[in-house]
Amino acid sequence: MGQENKQHPRAVEWPTLALILACYAAWIGALWVLPFALFIPIVAIIIALHASLQHEVIHGHPFSLQWLNDALIWPPLTLVVPYARFKATHLAHHTDATLTDPYEDPETNFLDPAVWDRLPRAIQTLLIWNNTLAGRFVVGPAIGTIMFFISEWRMRDVAVVRGWALHIPALIFTLAIVSASPTPIGAYFIAAYLAMSLLKLRTFLEHKAHERASGRSVIIEDRGPFAFLFLNNNLHVVHHMHPKVPWYDLPALYQSRKEHYQRRNDGYVYRSYAQVFARYLWRRKDPVAHPLWRN
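What this report covers is the structure whose coordinates are included nearby. All of these numbers come straight from a predicted model, not from anything done at the bench.

Pairing between side chains becomes possible if they bear opposite charge and their charged atoms approach one another. What the rule picks out here adds up to five salt bridges. Note that lysine 258 is salt-bridged to glutamate 221, the shortest N-O span being 3.4 Å. On the criterion of sequence distance, the pair formed by lysine 258 in helix H14 (residues 258–264) and glutamate 221 in the loop between strand E1 (219–220) and helix H11 (225–229) is long-range, its members being 37 residues apart. Among the salt bridges present, the one from lysine 285 reaches aspartate 286, with a minimum N-O distance of 2.5 Å.

Now for the nonpolar core. Among the nonpolar cores identified, the biggest contains 51 residues, and Trp27, Phe39, Leu53, Tyr188, Leu205, Tyr270 and Val276 are the most heavily contacted of them. Of all the secondary structure elements, the ones that give two or more residues to this core are helix H1 (14–33), helix H2 (36–58), helix H3 (66–73), helix H4 (83–93), helix H9 (158–180), helix H10 (185–204) and helix H15 (273–280). For this core, the leading source of residues is H2, giving twelve residues. The next biggest cluster of nonpolar side chains, apart from the first, holds ten residues, and it includes Ile219, Val238, Val245 and Tyr254.

On to a nonpolar patch on the surface. Judged by side-chain polarity, Leu126, Trp129, Val138 and Trp282 come together as a nonpolar surface patch covering roughly 440 Å² of accessible area. You can call leucine 126 partly exposed: its relative accessible area is 34%.

In this structure, the second largest pocket encloses a volume near 250 Å³. Along its surface, the second largest pocket is lined by 14 residues, and Trp74, Tyr83, Ala84, Leu166 and Ala170 are the ones closest to its centre. Looking at the lining of the second largest pocket, the elements that each hand over two or more residues are H3, H4 and H9. At six residues, H9 tops the list of elements feeding residues into the lining of the second largest pocket. Here the residues of the lining of the second largest pocket are counted per class, giving ten nonpolar, two polar and two charged.

The rules behind each value
Residues numbered from 1 in each chain as written. Predicted model: local features only at pLDDT ≥ 70, side-chain atom pairs only at ≥ 80, totals over all residues. Heavy atoms only, no water. Salt bridge = Lys/Arg side-chain N within 4 Å of Asp/Glu carboxyl O. Helix = DSSP H or I, 4+ residues; strand = E, 2+ residues; numbered from the N terminus. Core = buried A, V, L, I, M, F, W, Y, C linked by side-chain atoms within 4.5 Å. Buried < 20%, exposed > 50% of the residue type's maximum accessible area, 1.4 Å probe, protein only. Patch = residues over 30% accessible without salt bridge, like charges linked within 9 Å, V, L, I, M, F, W, Y side chains within 5 Å. Areas by Shrake-Rupley, 256 points an atom, 1.4 Å probe, with all protein chains shown as cover. 1 Å grid on protein atoms, 1.4 Å probe; cavity = no way out; pocket = protein on both sides within 12 Å on 5 of 7 lines; lining within 4 Å. Points joined across faces, edges and corners; volume = space filled by probe spheres on them. Nonpolar A, V, L, I, M, F, W, Y, C, P; charged D, E, K, R; others polar.

This is the structure we're talking about:
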């Protein structure tokens, strides 16, 4: 899989731009208008959508000028992940030859089997539960954030320091808006955590261990609310093959060559998120130790 993209870039991708502006308007409106009983679930959905839009922007949407795209989406509504670091690690993740690699893929959940064997039994139990969908919802955001922080600390690179330095004023800006609203700051923290739980549903199945890089990315043929929330990134093999194609063109692109994409990813296909819930809510999808890892 690579950079195949036969579509010509648009001057402005209006659906994406309109959705970004609508997302900010909904976020501000929710902070000032929503009753407390509705605030947490609705704001969690808004924050998750903003994170999906950040992913879209990282890949060059909605403008041809990337600095303008970045300026449009930089506020960290999830609070914990610096946009610059999300951008750098996600683009590194798009090196398809290293997908699921415990060391080279920044977004993998697999560990080197030698590292796994050295972990305390309690940590192993927690990570095994994290590989069920229920566990990923409950503890996934905390585990993912801790592992991200550890990885960032170990790198000690100039780009990492710069990314976090840019994050601090962005975080202050975001928290200042929340603090100025009638919304309790604690409720916003809960909503942000729940948003990350929703995003864990998207990433739960995105990649599996496979000998071929082309067989590692999933297709979930869902066209419901989760597909919209994730901006059709559930058609993940299509996104990896065509990372510059905007979210609203992915379904038609998939349908136009459905058999090709399913051959490409070796039949790693689910009909819907309902099927995913039924199969993996309490059942582990993958081992934590990479099953094909050869050091």
